[in-house]
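Here are the chains, one letter per residue:
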Amino acid sequence: MDVSPEHSFNDKQPKHPPSENNNNLNKWPNKKKTKKKKKKRSNTPVELPNNVSFNPYRSNKFSKKPGKGNKMLVRDPRFSEHSGKLNLDMFRRSYSFLEEMRKEEVKEITRAIKINKKFGTESLKGIESMKKISHLNISNLDEAKRALDRYKSENAHLQKKEELRKLKKSLVQEEKNKISLTGKKPYYFSDKKVKKIYKEMNKKKIEESLKSTEINYGPNKAIHKKLESQSRRLLPKERKLNMIPKFRDV
């Protein structure tokens, strides 16, 4: 005799649709009711977000791309007319303390290197000098030397940029004066043109320093030292390639 398996009360009962006799249940019991969203009228005022500052002097522009809706376009303050013009001279004056900090850091590193070379890295003075520059992430003598070289190269790069900026400023001022006096057609000095003029000026300085006899002091000394270092770098290449060394008037 076949015996059907007994069903427990915990087993889920199959769901049946509501019967016609039951007048209270017109829909499925688990079905969620969805509310229809009311459409906004075209006459309603625009709601501005709180995370964007409102500018009363400019008409509010909204994005026209699909899917974005009435979202205000984000403007970069660096390129906005209301931020004003960038005054580089004022910017340099206000952040001039950074240059002073760099000079002080270079002095501290050079002092620590000198003390370590004189008294040794294991001496008390050497350890104390390295502790003073520990805030610059320098723990030993090799790191201090590398940091000093990095500072020197960065300073040379910054100095060159400053010289180029001053040269361009002077050229633009001369051009403005010529335009106001003679009414000539304005000429725009590109960065490439300014660099070319800068190179020509440096070449003239080198030629003048080579002709002069005063090579032990002043700007001529720095130029001669630079030429000597360049010649030292070229000499091993010439030896490696078995080239005849070029005559360098240094």
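Only a predicted model underlies this, so the values are computations on that prediction, with no experimental measurement involved.

### A few points about the packing of helix 4 (residues 141-182) against helix 5 (residues 191-211)
At a minimum axis distance of 10 Å, the contact between helix 4 and helix 5 shows a crossing angle of 105 degrees. As the angle between them shows, helix 4 and helix 5 are arranged roughly perpendicular. Contact residues: helix 4 offers Lys160, Glu163, Leu164, Leu167, Lys168 and Leu171, while helix 5 offers Asp191, Val194, Lys195, Ile197, Tyr198 and Met201. Across the contact of helix 4 with helix 5, the residue classes break down as seven nonpolar, no polar and five charged.

### Observations concerning a nonpolar patch on the surface
Together, Leu86, Leu88, Phe91, Tyr95, Phe97, Leu98 and Met101 make up a nonpolar patch on the protein surface, roughly 700 Å² of accessible area in all. Listing elements by their share of the nonpolar patch, those giving two or more residues are helix 1 (88-94) and helix 2 (97-119). No other element matches the three residues that helix 2 contributes to the nonpolar patch.

### What about the packing of aromatic side chains?
A full pass over the atoms with the stated rule returns three aromatic pairs. Taking 4.8 Å as the distance between ring centres and 40 degrees as the angle between the ring planes, the aromatic pair formed by Phe91 and Tyr95 counts as tilted. For Phe91, a relative accessible area of 44% corresponds to the partly exposed category. Considering the side-chain rings of Tyr187 and Phe189, the 5.0 Å spacing of their centres and the 85 degrees angle between planes classify their relative orientation as edge-to-face.

### A word on helix 5
The end-to-end C-alpha separation of helix 5 is 31 Å, in line with the 30 Å expected for 21 residues at 1.5 Å each. For helix 5, the complete set of buried residues consists of Val194, Ile197, Tyr198 and Ser209. Viewed along the axis of helix 5, the buried residues span an arc of 115 degrees, placing them on a single side of the element. Away from the buried face of helix 5 by more than 90 degrees, exposed residues Lys192, Lys196, Lys199, Lys203, Lys204 and Lys211 are located.

### Some remarks on the UniProt feature "coiled-coil region" (unreviewed entry) in the protein
Within the UniProt annotation, "coiled-coil region" (unreviewed entry) is assigned to residues 141-177. Split by type, residues 141-177 is 100% helix and 0% strand. Its first and last C-alpha atoms lie 54 Å apart.

### Notes on the pattern of salt bridges
Here the structure, examined in full by the defined rule, presents seven salt bridges. As a salt-bridge pair, Glu162 and Arg92 come within 3.2 Å of each other at their nearest N and O atoms. Of this pair, Glu162 sits in helix 4 while Arg92 sits in helix 1, placing them 70 residues apart in sequence. What makes Glu162 partly exposed here is its relative accessible area of 22%. Residues Glu154 and Arg102 are paired through a salt bridge, measuring 3.0 Å at the closest nitrogen-oxygen approach. Placement of the pair is Glu154 in helix 4 and Arg102 in helix 2, with a sequence separation of 52 residues. Sharing partners across several salt bridges, the network here consists of Asp89, Arg92, Glu162, Arg165 and Lys169.

### Describing the nonpolar core
By size, the foremost hydrophobic cluster in this structure holds 13 residues, and its most contacted members are Ile109, Ile113, Ile133, Leu136, Ile138 and Ala144. Of all the secondary structure elements, the ones that give two or more residues to this core are helix 2 and helix 4. For this core, the element with the most residues is helix 4, which contributes five residues. Here Ile133 is in contact with Glu108, Ile109, Ala112, Ile138 and Ala144, once residues within four sequence places are set aside.

Criteria and thresholds
Residues numbered from 1 in each chain as written. Predicted model: local features only at pLDDT ≥ 70, side-chain atom pairs only at ≥ 80, totals over all residues. Heavy atoms only, no water. Axes fitted to C-alpha atoms, helices over the stretch in contact; angles between N-to-C directions. Helix = DSSP H or I, 4+ residues; strand = E, 2+ residues; numbered from the N terminus. Parallel < 35°, antiparallel > 145°, perpendicular 65-115°, else oblique. Contact = heavy atoms within 4.5 Å. Nonpolar A, V, L, I, M, F, W, Y, C, P; charged D, E, K, R; others polar. Patch = residues over 30% accessible without salt bridge, like charges linked within 9 Å, V, L, I, M, F, W, Y side chains within 5 Å. Areas by Shrake-Rupley, 256 points an atom, 1.4 Å probe, with all protein chains shown as cover. Salt bridge = Lys/Arg side-chain N within 4 Å of Asp/Glu carboxyl O. Phe/Tyr/Trp six-rings, centres within 6.5 Å; stacked < 30°, edge-to-face > 60°. Buried < 20%, exposed > 50% of the residue type's maximum accessible area, 1.4 Å probe, protein only. Expected span 1.5 Å × (residues − 1). Arc of directions from axis to C-beta. UniProt positions renumbered as here; feature names shortened; annotations may be inferred. Core = buried A, V, L, I, M, F, W, Y, C linked by side-chain atoms within 4.5 Å.

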